[in-house]
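# Architecture at a glance
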Amino acid sequence: MDLRDVLGRAVVLAPMAGGPTTPELVLAGADAGALGFLAAAYRTADQVRAEMASLGRVPYGVNVFVPGHPAEPPTAYVERLRSEGFDVAEPTWDDDHWDDKIELLLAEPPPVITFTFGCPDHDVVEALQERSAVGITVTVPEEAALAVAVGASFLCVQGHEAGAHRGTFTNAAVPDARPLPQLLADIRAGTDLPLLAAGGVGTAEDVRALLTAGAIGVQCGTAFLRCPEAGTRQVWKDALAEPRYTETVVTRAFSGRPARGLRNRFIDDHPDAPAAYPEINKATRPLRAAGDPEAMSLWAGTGWRSAEARPVAEVLDRLSS
Ligand SMILES: Cc1cc2nc3c(=O)[nH]c(=O)nc-3n(C[C@H](O)[C@H](O)[C@H](O)COP(=O)(O)O)c2cc1C
(Lines give C-alpha, C1' and ligand atoms only; values in the text may rest on other atoms or scores of the structure.)
Protein backbone atom coordinates (compact mmCIF):
# COMPACT_ATOMS: atom_id res chain seq x y z
CA MET A 1 0.00 0.00 0.00
CA ASP A 2 1.29 3.44 -0.92
CA LEU A 3 0.30 6.44 1.19
CA ARG A 4 -0.19 8.47 -1.99
CA ASP A 5 -3.04 6.16 -3.06
CA VAL A 6 -5.14 7.05 0.00
CA LEU A 7 -3.96 10.55 0.81
CA GLY A 8 -6.81 12.55 -0.75
CA ARG A 9 -6.45 16.19 0.25
CA ALA A 10 -3.08 17.55 1.33
CA VAL A 11 -4.35 18.18 4.87
CA VAL A 12 -4.47 15.08 7.10
CA LEU A 13 -6.33 14.85 10.42
CA ALA A 14 -3.71 13.90 13.02
CA PRO A 15 -4.37 11.18 15.58
CA MET A 16 -5.24 12.87 18.88
CA ALA A 17 -5.30 10.40 21.77
CA GLY A 18 -7.01 11.16 25.04
CA GLY A 19 -10.43 12.17 23.71
CA PRO A 20 -10.26 14.59 20.76
CA THR A 21 -10.09 11.93 18.03
CA THR A 22 -13.42 10.20 17.55
CA PRO A 23 -14.63 8.03 14.68
CA GLU A 24 -16.95 10.97 13.86
CA LEU A 25 -13.94 13.23 13.38
CA VAL A 26 -12.25 10.73 11.05
CA LEU A 27 -15.49 10.15 9.13
CA ALA A 28 -16.09 13.89 8.75
CA GLY A 29 -12.58 14.17 7.31
CA ALA A 30 -13.22 11.26 4.95
CA ASP A 31 -16.53 12.78 3.81
CA ALA A 32 -14.60 15.91 2.87
CA GLY A 33 -11.90 13.89 1.06
CA ALA A 34 -9.19 13.99 3.76
CA LEU A 35 -7.32 11.13 5.39
CA GLY A 36 -7.76 10.89 9.16
CA PHE A 37 -6.14 8.80 11.88
CA LEU A 38 -7.69 6.94 14.78
CA ALA A 39 -5.61 7.22 17.96
CA ALA A 40 -5.02 3.74 19.40
CA ALA A 41 -3.14 5.00 22.47
CA TYR A 42 -4.71 4.50 25.93
CA ARG A 43 -7.20 2.02 24.46
CA THR A 44 -7.44 -1.76 24.43
CA ALA A 45 -7.17 -3.60 21.13
CA ASP A 46 -10.89 -4.41 21.37
CA GLN A 47 -11.75 -0.72 21.69
CA VAL A 48 -9.60 0.07 18.66
CA ARG A 49 -11.20 -2.80 16.71
CA ALA A 50 -14.66 -1.37 17.45
CA GLU A 51 -13.62 2.11 16.29
CA MET A 52 -12.10 0.67 13.11
CA ALA A 53 -15.29 -1.28 12.40
CA SER A 54 -17.41 1.85 12.85
CA LEU A 55 -15.53 3.56 10.00
CA GLY A 56 -16.66 1.06 7.38
CA ARG A 57 -14.75 1.27 4.12
CA VAL A 58 -13.44 4.85 4.11
CA PRO A 59 -9.65 5.26 3.85
CA TYR A 60 -8.15 5.90 7.30
CA GLY A 61 -5.08 5.36 9.42
CA VAL A 62 -4.41 4.00 12.89
CA ASN A 63 -1.69 5.45 15.11
CA VAL A 64 0.03 3.40 17.82
CA PHE A 65 2.49 4.47 20.53
CA VAL A 66 5.65 2.37 20.71
CA PRO A 67 6.32 1.41 24.35
CA GLY A 68 9.57 2.50 25.99
CA HIS A 69 11.03 1.13 29.22
CA PRO A 70 10.06 1.62 32.86
CA ALA A 71 11.69 4.73 34.36
CA GLU A 72 13.07 5.28 37.83
CA PRO A 73 9.80 5.45 39.86
CA PRO A 74 8.84 9.16 40.09
CA THR A 75 7.96 8.76 43.77
CA ALA A 76 9.08 12.18 45.00
CA TYR A 77 7.19 14.03 42.26
CA VAL A 78 3.98 12.07 42.84
CA GLU A 79 4.26 12.56 46.61
CA ARG A 80 4.71 16.28 46.07
CA LEU A 81 1.54 16.44 43.97
CA ARG A 82 -0.31 14.52 46.69
CA SER A 83 0.98 16.88 49.37
CA GLU A 84 -0.30 19.81 47.30
CA GLY A 85 -3.79 18.32 47.57
CA PHE A 86 -4.05 16.85 44.07
CA ASP A 87 -5.89 13.60 43.49
CA VAL A 88 -3.22 11.27 42.06
CA ALA A 89 -3.10 7.61 41.07
CA GLU A 90 -0.26 5.08 41.19
CA PRO A 91 2.57 5.86 38.73
CA THR A 92 2.52 2.45 37.04
CA TRP A 93 4.18 1.42 33.76
CA ASP A 94 2.62 -0.69 31.00
CA ASP A 95 3.08 -1.23 27.28
CA ASP A 96 -0.42 0.01 26.35
CA HIS A 97 -1.44 -3.42 24.93
CA TRP A 98 1.31 -3.38 22.29
CA ASP A 99 1.20 -7.07 21.29
CA ASP A 100 -2.61 -7.12 21.05
CA LYS A 101 -2.62 -4.00 18.87
CA ILE A 102 0.01 -5.39 16.48
CA GLU A 103 -1.99 -8.62 16.27
CA LEU A 104 -5.14 -6.62 15.46
CA LEU A 105 -3.42 -4.54 12.77
CA LEU A 106 -2.03 -7.70 11.16
CA ALA A 107 -5.40 -9.46 11.25
CA GLU A 108 -7.55 -6.51 10.15
CA PRO A 109 -5.15 -4.19 8.31
CA PRO A 110 -6.16 -0.57 7.89
CA PRO A 111 -4.89 1.28 4.79
CA VAL A 112 -2.36 3.30 6.83
CA ILE A 113 -0.57 2.76 10.16
CA THR A 114 1.74 5.19 11.95
CA PHE A 115 3.93 4.71 15.01
CA THR A 116 4.94 7.36 17.52
CA PHE A 117 7.46 7.48 20.43
CA GLY A 118 9.83 4.99 18.85
CA CYS A 119 10.79 2.74 16.00
CA PRO A 120 9.27 -0.73 15.77
CA ASP A 121 11.46 -3.66 14.73
CA HIS A 122 12.05 -4.32 11.07
CA ASP A 123 10.04 -7.58 11.28
CA VAL A 124 6.95 -5.75 12.57
CA VAL A 125 7.20 -3.04 9.90
CA GLU A 126 7.72 -5.61 7.14
CA ALA A 127 4.79 -7.78 8.24
CA LEU A 128 2.39 -4.81 8.47
CA GLN A 129 3.57 -3.41 5.17
CA GLU A 130 2.16 -6.30 3.21
CA ARG A 131 -1.28 -4.76 3.54
CA SER A 132 -0.80 -1.23 4.97
CA ALA A 133 1.36 1.84 4.35
CA VAL A 134 3.50 2.11 7.49
CA GLY A 135 4.74 5.51 8.67
CA ILE A 136 7.01 6.40 11.59
CA THR A 137 6.92 9.72 13.46
CA VAL A 138 10.35 11.36 13.63
CA THR A 139 11.57 14.60 15.20
CA VAL A 140 15.25 14.76 14.10
CA PRO A 141 17.28 13.47 11.12
CA GLU A 142 18.88 10.74 13.29
CA GLU A 143 15.43 9.25 14.03
CA ALA A 144 14.55 9.54 10.35
CA ALA A 145 17.63 7.47 9.46
CA LEU A 146 16.55 4.73 11.89
CA ALA A 147 13.00 4.76 10.51
CA VAL A 148 14.34 4.43 6.97
CA ALA A 149 16.57 1.55 8.10
CA VAL A 150 13.63 -0.48 9.47
CA GLY A 151 11.81 -0.04 6.15
CA ALA A 152 9.14 2.60 6.83
CA SER A 153 6.99 3.47 3.80
CA PHE A 154 6.80 7.14 4.79
CA LEU A 155 7.74 9.47 7.64
CA CYS A 156 5.66 11.84 9.79
CA VAL A 157 8.03 14.72 10.45
CA GLN A 158 6.96 16.42 13.67
CA GLY A 159 8.34 19.85 14.47
CA HIS A 160 8.69 21.42 17.91
CA GLU A 161 5.65 23.62 17.14
CA ALA A 162 3.32 20.61 17.41
CA GLY A 163 0.58 20.29 19.99
CA ALA A 164 0.72 17.60 22.70
CA HIS A 165 3.55 15.05 22.99
CA ARG A 166 6.79 15.18 21.06
CA GLY A 167 7.27 11.93 19.23
CA THR A 168 10.95 11.60 20.20
CA PHE A 169 12.19 7.99 20.19
CA THR A 170 13.51 8.33 23.75
CA ASN A 171 11.91 10.29 26.52
CA ALA A 172 15.23 11.61 27.81
CA ALA A 173 16.02 13.32 24.49
CA VAL A 174 16.28 17.10 24.67
CA PRO A 175 13.63 18.21 22.18
CA ASP A 176 15.06 19.71 18.99
CA ALA A 177 13.87 23.27 18.36
CA ARG A 178 14.62 23.87 14.69
CA PRO A 179 11.64 25.28 12.76
CA LEU A 180 9.56 22.67 10.91
CA PRO A 181 10.46 23.81 7.34
CA GLN A 182 14.15 23.51 8.27
CA LEU A 183 13.63 20.10 9.89
CA LEU A 184 11.78 18.95 6.79
CA ALA A 185 14.63 20.08 4.55
CA ASP A 186 17.24 18.41 6.77
CA ILE A 187 15.32 15.11 6.73
CA ARG A 188 14.61 15.37 2.98
CA ALA A 189 18.36 15.59 2.42
CA GLY A 190 18.70 12.01 3.75
CA THR A 191 15.73 10.20 2.20
CA ASP A 192 13.36 10.08 -0.78
CA LEU A 193 10.49 8.64 1.25
CA PRO A 194 7.18 10.55 1.22
CA LEU A 195 7.03 12.99 4.15
CA LEU A 196 4.02 14.22 6.12
CA ALA A 197 4.79 17.43 8.00
CA ALA A 198 3.21 18.25 11.38
CA GLY A 199 3.41 21.11 13.83
CA GLY A 200 1.95 24.53 14.40
CA VAL A 201 -0.14 24.70 11.22
CA GLY A 202 -3.01 27.15 11.49
CA THR A 203 -3.48 28.67 8.04
CA ALA A 204 -3.56 27.80 4.34
CA GLU A 205 -0.33 29.73 4.02
CA ASP A 206 1.36 27.41 6.56
CA VAL A 207 0.11 24.40 4.58
CA ARG A 208 1.40 25.79 1.28
CA ALA A 209 4.81 26.57 2.79
CA LEU A 210 5.24 22.97 3.99
CA LEU A 211 4.13 21.50 0.67
CA THR A 212 6.62 23.78 -1.06
CA ALA A 213 9.30 22.64 1.39
CA GLY A 214 8.82 19.04 0.22
CA ALA A 215 5.98 17.48 2.23
CA ILE A 216 3.32 15.48 0.35
CA GLY A 217 0.81 16.14 3.12
CA VAL A 218 0.39 18.21 6.28
CA GLN A 219 -0.86 16.54 9.44
CA CYS A 220 -2.87 18.94 11.60
CA GLY A 221 -4.12 18.36 15.12
CA THR A 222 -4.81 21.58 17.00
CA ALA A 223 -6.72 23.08 14.05
CA PHE A 224 -9.43 20.42 14.61
CA LEU A 225 -9.58 20.47 18.43
CA ARG A 226 -12.57 22.83 18.57
CA CYS A 227 -14.60 21.12 15.83
CA PRO A 228 -18.01 19.82 16.90
CA GLU A 229 -16.98 16.35 15.68
CA ALA A 230 -13.96 16.30 18.03
CA GLY A 231 -14.28 14.73 21.48
CA THR A 232 -12.20 17.48 23.12
CA ARG A 233 -13.67 18.33 26.53
CA GLN A 234 -15.65 21.57 26.56
CA VAL A 235 -13.40 23.17 29.20
CA TRP A 236 -10.43 22.59 26.85
CA LYS A 237 -12.31 23.85 23.78
CA ASP A 238 -13.23 26.97 25.74
CA ALA A 239 -9.66 27.53 26.96
CA LEU A 240 -8.42 27.47 23.35
CA ALA A 241 -10.58 30.52 22.68
CA GLU A 242 -9.84 32.41 25.90
CA PRO A 243 -7.68 35.54 25.69
CA ARG A 244 -6.19 34.85 29.16
CA TYR A 245 -4.08 32.05 27.63
CA THR A 246 -1.34 33.85 25.80
CA GLU A 247 1.24 31.21 24.92
CA THR A 248 1.99 27.52 24.55
CA VAL A 249 4.97 25.92 26.29
CA VAL A 250 6.61 22.50 26.41
CA THR A 251 6.26 20.69 29.73
CA ARG A 252 6.77 17.30 31.39
CA ALA A 253 4.53 18.28 34.32
CA PHE A 254 1.46 16.27 33.31
CA SER A 255 2.89 13.17 31.70
CA GLY A 256 6.64 12.87 32.27
CA ARG A 257 7.21 13.38 28.52
CA PRO A 258 7.76 16.69 26.70
CA ALA A 259 4.43 17.98 25.41
CA ARG A 260 3.18 21.37 24.22
CA GLY A 261 0.11 22.98 25.73
CA LEU A 262 -1.44 26.26 26.82
CA ARG A 263 0.61 27.66 29.68
CA ASN A 264 -1.38 27.42 32.91
CA ARG A 265 -0.74 27.43 36.67
CA PHE A 266 0.06 23.71 36.97
CA ILE A 267 2.79 23.99 34.34
CA ASP A 268 4.29 27.06 36.02
CA ASP A 269 4.22 25.38 39.44
CA HIS A 270 5.89 22.14 38.24
CA PRO A 271 8.87 23.00 36.06
CA ASP A 272 10.96 20.05 37.24
CA ALA A 273 8.92 16.89 36.59
CA PRO A 274 11.17 13.90 35.87
CA ALA A 275 11.29 11.97 32.58
CA ALA A 276 8.91 9.13 33.45
CA TYR A 277 6.30 8.30 30.82
CA PRO A 278 3.74 6.77 31.04
CA GLU A 279 4.17 6.62 34.82
CA ILE A 280 3.45 10.33 35.48
CA ASN A 281 0.68 10.34 32.88
CA LYS A 282 -1.00 7.54 34.86
CA ALA A 283 -0.45 9.33 38.17
CA THR A 284 -1.97 12.63 37.01
CA ARG A 285 -4.99 11.11 35.32
CA PRO A 286 -7.43 11.88 38.18
CA LEU A 287 -6.27 15.48 38.53
CA ARG A 288 -6.41 16.03 34.77
CA ALA A 289 -9.94 14.62 34.75
CA ALA A 290 -11.12 17.02 37.47
CA GLY A 291 -11.78 19.73 34.89
CA ASP A 292 -9.91 22.72 36.37
CA PRO A 293 -8.36 24.48 33.34
CA GLU A 294 -5.48 25.71 35.51
CA ALA A 295 -4.64 22.14 36.55
CA MET A 296 -5.22 20.06 33.43
CA SER A 297 -3.32 19.49 30.21
CA LEU A 298 -4.64 21.89 27.57
CA TRP A 299 -2.55 20.46 24.74
CA ALA A 300 -2.18 22.82 21.80
CA GLY A 301 0.34 23.67 19.09
CA THR A 302 1.79 27.10 18.39
CA GLY A 303 -0.95 27.84 15.83
CA TRP A 304 -3.76 27.43 18.38
CA ARG A 305 -5.13 30.93 17.87
CA SER A 306 -6.38 29.85 14.43
CA ALA A 307 -8.37 26.88 15.75
CA GLU A 308 -12.05 27.54 15.17
CA ALA A 309 -15.29 26.01 16.46
CA ARG A 310 -16.42 25.07 12.95
CA PRO A 311 -17.17 21.70 11.34
CA VAL A 312 -14.26 19.64 10.00
CA ALA A 313 -15.25 20.24 6.37
CA GLU A 314 -15.10 24.01 6.84
CA VAL A 315 -11.72 23.85 8.63
CA LEU A 316 -10.38 21.71 5.78
CA ASP A 317 -11.62 24.23 3.22
CA ARG A 318 -10.04 27.10 5.15
CA LEU A 319 -6.70 25.29 5.39
CA SER A 320 -6.82 24.43 1.68
CA SER A 321 -7.82 27.81 0.29
C1 LIG B 1 -4.54 16.77 21.61
C2 LIG B 1 -3.51 16.12 20.75
C3 LIG B 1 -3.30 14.75 20.85
C4 LIG B 1 -2.34 14.12 20.04
N5 LIG B 1 -2.21 12.75 20.09
C6 LIG B 1 -1.35 12.14 19.22
C7 LIG B 1 -1.31 10.71 19.12
O8 LIG B 1 -2.08 9.99 19.77
N9 LIG B 1 -0.42 10.17 18.27
C10 LIG B 1 0.42 10.93 17.48
O11 LIG B 1 1.19 10.39 16.72
N12 LIG B 1 0.37 12.28 17.55
C13 LIG B 1 -0.50 12.88 18.38
N14 LIG B 1 -0.56 14.25 18.40
C15 LIG B 1 0.38 15.03 17.57
C16 LIG B 1 -0.09 15.11 16.13
O17 LIG B 1 0.15 13.90 15.45
C18 LIG B 1 0.65 16.22 15.36
O19 LIG B 1 2.03 16.00 15.43
C20 LIG B 1 0.34 17.60 15.91
O21 LIG B 1 -1.01 17.74 16.20
C22 LIG B 1 0.75 18.65 14.90
O23 LIG B 1 0.78 19.91 15.49
P24 LIG B 1 -0.50 20.87 15.63
O25 LIG B 1 -1.26 20.31 16.78
O26 LIG B 1 0.10 22.18 15.91
O27 LIG B 1 -1.26 20.77 14.34
C28 LIG B 1 -1.54 14.89 19.17
C29 LIG B 1 -1.76 16.28 19.08
C30 LIG B 1 -2.74 16.89 19.84
C31 LIG B 1 -2.96 18.36 19.70
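Right, let's talk about unusual backbone geometry for a bit. In this structure, proline 278 follows tyrosine 277 across a cis peptide bond, with omega equal to 10°. The phi dihedral of aspartate 96 is positive, around 55°, even though this residue is not glycine. Locating aspartate 96 in the fold gives a position in the loop between helix H4 (75-83) and helix H5 (98-107). A relative accessible area of 14% means that aspartate 96 is categorised as buried. Although it is not a glycine, alanine 164 sits at a positive phi angle of roughly 65°. Along the polypeptide, alanine 164 turns up in strand E7 (residues 164-165). Alanine 164 gets classed as partly exposed once you look at its relative accessible area, which sits at 22%.

Let us look at the side chain of arginine 226. Note that arginine 226 resides in the loop between strand E9 (217-220) and helix H10 (234-241). Despite being buried, arginine 226 has no salt bridge partner; aspartate 238 is the closest side chain of opposite charge, sitting 6.4 Å away. In terms of polar contacts, arginine 226 uses its side chain to reach the backbone carbonyl oxygen of alanine 307, at 2.9 Å. Leave out the neighbours within four places in its chain, and arginine 226 touches Lys237, Leu240, Ala241, Ala307, Glu308, Ala309 and Arg310.

Bringing the packing of helix H3 (residues 45-55) against H5 into the picture now. At a minimum axis separation of 9 Å, H3 and H5 run at an interaxial angle of 30°. Considered as vectors, H3 and H5 are oriented roughly parallel to each other. In terms of crossing hand, the pair formed by H3 and H5 is right-handed. In this structure, H3 contributes Ala45, Val48, Arg49 and Met52 to the contact, and H5 contributes Asp100, Lys101, Leu104 and Leu105.

Sheet architecture is open: three strands sit in the order E7-E11-E10, paired in antiparallel fashion. The two strands at the open ends of the sheet, each matched to only one other strand, are E7 and strand E10 (248-251). With two bridges connecting them, E7 and strand E11 (residues 259-262) associate as antiparallel partners. When the sheet's bridge partners are listed, alanine 164 is paired in E11 with arginine 260.

Another point: the packing of aromatic side chains. Applying the stated criterion across every chain, the model contains seven aromatic pairs. Judged by centre distance (5.2 Å) and plane angle (75°), the ring pair of phenylalanine 86 and phenylalanine 266 falls under edge-to-face. Of this pair, phenylalanine 86 sits in the loop between H4 and H5 while phenylalanine 266 is found in helix H11 (residues 265-269), placing the two residues 180 residues apart along the sequence. Judged by relative accessible area, which is 24%, phenylalanine 86 ranks as partly exposed. An angle of 75° between the planes, with centres 5.3 Å apart, marks the rings of phenylalanine 117 and tyrosine 277 as edge-to-face. Here phenylalanine 117, found in the loop between strand E4 (112-116) and helix H6 (122-129), pairs with tyrosine 277, found in the loop between H11 and helix H12 (279-283); they are 160 residues apart in sequence, far enough to count as distant.

The immediate surroundings of the ligand are formed by 22 residues, with Pro15, Asn63, Thr116, Gly200 and Thr222 found nearest. Glycine 163 has a polar backbone atom sitting 3.3 Å from an oxygen atom of the ligand. A distance of 2.9 Å separates an oxygen atom of the ligand from a polar atom in the backbone of glycine 221. Protein burial of the ligand: of its 590 Å² of free accessible surface, 96% is covered by the chains. Those elements that place two or more of their residues in the shell around the ligand are strand E3 (61-65) and E9.

Right, let's get into the pairing of E11. Judged from the four bridges that link them, E10 and E11 form a sheet pairing that is antiparallel. Counterpart to threonine 248 in the pairing with E11 is leucine 262.

We now examine the packing of helix H2 (residues 23-31) against H3. At their nearest, the axes of H2 and H3 sit 10 Å apart, and the two run at 30° to each other. Judged by the inter-axis angle, H2 sits roughly parallel to H3. Of the two elements, H2 crosses H3, and the hand of that crossing is right-handed. Here Pro23, Val26 and Leu27 of H2 come into contact with H3, specifically with Glu51, Ser54 and Leu55. Per-class residue counts for the contact of H2 with H3 are four nonpolar, one polar and one charged.

In this section: the pattern of salt bridges. Following the criterion strictly, the structure yields 21 salt bridges and no others. With a closest N to O distance of 3.1 Å, glutamate 108 and arginine 49 form a salt bridge. Taken together, the residues glutamate 108 in the loop between H5 and E4 and arginine 49 in helix H3 connect sequence positions 59 residues apart. Residue arginine 80 pairs with glutamate 84 through a salt bridge whose shortest N-O separation is 2.9 Å. Here arginine 80 falls in the partly exposed class, since its relative accessible area comes to 29%. Through salt bridges that share partners, Glu308, Arg310, Glu314 and Arg318 make up one connected network.

Reading the values: the criteria
Residues numbered from 1 in each chain as written. Predicted model: local features only at pLDDT ≥ 70, side-chain atom pairs only at ≥ 80, totals over all residues. Heavy atoms only, no water. Helix = DSSP H or I, 4+ residues; strand = E, 2+ residues; numbered from the N terminus. Buried < 20%, exposed > 50% of the residue type's maximum accessible area, 1.4 Å probe, protein only. Lys, Arg positive; Asp, Glu negative; His and termini not counted. Salt bridge = Lys/Arg side-chain N within 4 Å of Asp/Glu carboxyl O. Polar contact = N/O pair within 3.5 Å; in protein donor to acceptor, adjacent residues only side chain to side chain. Contact = heavy atoms within 4.5 Å. Axes fitted to C-alpha atoms, helices over the stretch in contact; angles between N-to-C directions. Parallel < 35°, antiparallel > 145°, perpendicular 65-115°, else oblique. Left-handed = near helix turned anticlockwise from the far one by under 90°. Pairing = 2+ DSSP bridges. Phe/Tyr/Trp six-rings, centres within 6.5 Å; stacked < 30°, edge-to-face > 60°. Near = heavy atom within 4 Å. Areas by Shrake-Rupley, 256 points an atom, 1.4 Å probe, with all protein chains shown as cover. Nonpolar A, V, L, I, M, F, W, Y, C, P; charged D, E, K, R; others polar.

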